[in-house]
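One letter stands for each residue in the lines below.
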Amino acid sequence: DYALCGTEPFPYAILSDGCSSVNDSDIGSRILVSMAKKNIQGFTPDTYKEFVNSIIFQSKVITKLMGLDKDCLYATLNIIIHYNNKTYALMIGDGCLLYKTTDGTIDFISHEYKNNYPFYPIYISENINTLDKGLIIKTTAETTEHPYDTVKLYEFDNIEWILGSSDGILSFTNGYSLIDFEDIKTQLSDLKSFKGEFIERKMKRIIKNFNKDGNYNSDDWSVTGLYLGE
């Protein structure tokens, strides 16, 4: 996993989760995030597809220059941007969003894939087999199925904060069964202070509490996000 954030030319937070079974996917994740940052000024809600294509093209060039196999780019991409007084979240691959509206409602959007085959950005420019593959989107209200190659751009109005998480959020286990997502969501959304590295503090607290009770994450877990309050 690799994540970073910034404020210029507008606030953004970027996260990528590499495929652990592929060599150098940690480097691939860093390349994707770095190219997303480099091209961030090119994002608009109307040009997000061109924005993604630029990231993919430049990431492939970088991997070739580094002498790496392009398979190292088998990684997800989760980008949160606050642009023109609205917040957008671009999700390619698995992971989830957790957000709080200004009226106090906390909701989530989760991307999961049939047979555990995430759709990676690099697949956009490739011919891939979609048999027995598909995207499952879960929210508080419903669960829906979508084509495997779906690239989702979400738009939010009137939110206080929004977090993006890798699928490691769903990997906490007591050794016999997975910890209920509702428990993790409740703890992660209990944000009392937004000063400094508030996400890092919250994650450390959650992991410490879970570990104390004999629960451990079996996959890398990364979270990034934006606080949009005063």
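This text gives an overview of the structure that appears in the document.

Procedures and definitions
Residues numbered from 1 in each chain as written. Predicted model: local features only at pLDDT ≥ 70, side-chain atom pairs only at ≥ 80, totals over all residues. Heavy atoms only, no water. Pairing = 2+ DSSP bridges. Helix = DSSP H or I, 4+ residues; strand = E, 2+ residues; numbered from the N terminus. Axes fitted to C-alpha atoms, helices over the stretch in contact; angles between N-to-C directions. Contact = heavy atoms within 4.5 Å. Buried < 20%, exposed > 50% of the residue type's maximum accessible area, 1.4 Å probe, protein only. Polar contact = N/O pair within 3.5 Å; in protein donor to acceptor, adjacent residues only side chain to side chain. Core = buried A, V, L, I, M, F, W, Y, C linked by side-chain atoms within 4.5 Å. Phe/Tyr/Trp six-rings, centres within 6.5 Å; stacked < 30°, edge-to-face > 60°. Lys NZ or Arg CZ within 6 Å of the ring centre and 35° of its normal. Parallel < 35°, antiparallel > 145°, perpendicular 65-115°, else oblique. Left-handed = near helix turned anticlockwise from the far one by under 90°. Nonpolar A, V, L, I, M, F, W, Y, C, P; charged D, E, K, R; others polar.

**Focus: the sheet that holds strand β1 (residues 2–6)**
Reasoning step 1: Strand order across the open sheet formed by 5 strands is β1-β2-β3-β4-β9, with antiparallel pairing between neighbours. At either margin of the open sheet sits one strand with a lone partner, and together these are β1 and β9 (152–156). Along the sheet, successive strands turn relative to each other by an average axial angle of 10 degrees, direction set aside.
Reasoning step 2: Of the strand pairs in this sheet, β1 and strand β2 (residues 12–16) are connected by 5 bridges, and their pairing is antiparallel. Opposite C5, over in β2, you have A13 as the bridge partner.
Reasoning step 3: Sheet strands in contact with helix α1 (residues 25–38) are β1, β2 and β3 (77–83), and its direction is about 160 degrees off that of β2.
Reasoning step 4: In this fold helix α2 (residues 48–65) packs onto β3, β4 (86–92) and β9, with an angle of close to 50 degrees to the strand it touches most, β4.

**A short note on the side chain of S110**
Reasoning step 1: Along the chain, the position of S110 falls in strand β6 (residues 106–113).
Reasoning step 2: The class for S110 is buried, based on a relative accessible area of 5%.
Reasoning step 3: A distance of 3.4 Å separates polar atoms of two side chains, one belonging to S110 and the other to E112.
Reasoning step 4: If near-sequence neighbours (up to four positions away) are discounted, S110 is found in contact with G95, C96, I136, I137 and K138.

**Regarding the nonpolar core**
What tends to happen in soluble globular proteins is that the nonpolar side chains get buried as a cluster.
Reasoning step 1: Counting residues in hydrophobic clusters, the biggest one holds 50 residues, and the most contacted among them are I79 and F156.
Reasoning step 2: Apart from residues lying up to four places away in sequence, I79 is in contact with A13, I14, A36, I40, F51, I55, Y88, A89 and L90.
Reasoning step 3: Judged by nonpolar contacts, the second largest core, of 19 residues, contains F108, W161, F172 and V223.

**Here's the deal with the packing of aromatic side chains**
Reasoning step 1: In total, this model carries 16 aromatic pairs according to the counting rule given.
Reasoning step 2: Centre to centre, the rings of F10 and Y83 are 5.4 Å apart; their planes meet at 85 degrees, and the pair counts as edge-to-face. Note that F10 is positioned in the loop between β1 and β2 and Y83 in strand β3, a separation of 73 residues in sequence.
Reasoning step 3: According to the relative accessible area criterion, Y83 is buried, its value standing at 18%.
Reasoning step 4: Arranged with centres 5.8 Å apart and planes meeting at 15 degrees, the rings of Y74 and Y120 form a pair that is stacked. Within this pair, whereas Y74 is found in the loop between α2 and β3, its partner Y120 is found in the loop between β6 and β7 (135–139), the two being separated by 46 residues in sequence.
Reasoning step 5: An aromatic cluster of three or more residues is present, and its members are Y74, Y113, F119, Y120, Y123 and Y148.
Reasoning step 6: Its end group placed over the ring of Y117, K133 keeps NZ or CZ at 4.9 Å from the ring centre.

**Some details on the packing of α1 against α2**
Reasoning step 1: Between α1 and α2, whose axes approach to 9 Å, the crossing angle comes to 130 degrees. On the basis of their axis angle, the class for α1 and α2 is oblique. Along this stretch, α1 crosses α2, giving a crossing that reads as right-handed. Here I31, L32, M35, A36 and K38 of α1 come into contact with α2, specifically with F51, I55, Q58, S59, I62 and T63.
Reasoning step 2: Of the residues belonging to the contact of α1 with α2, the class tally is 7 nonpolar, 3 polar and 1 charged.

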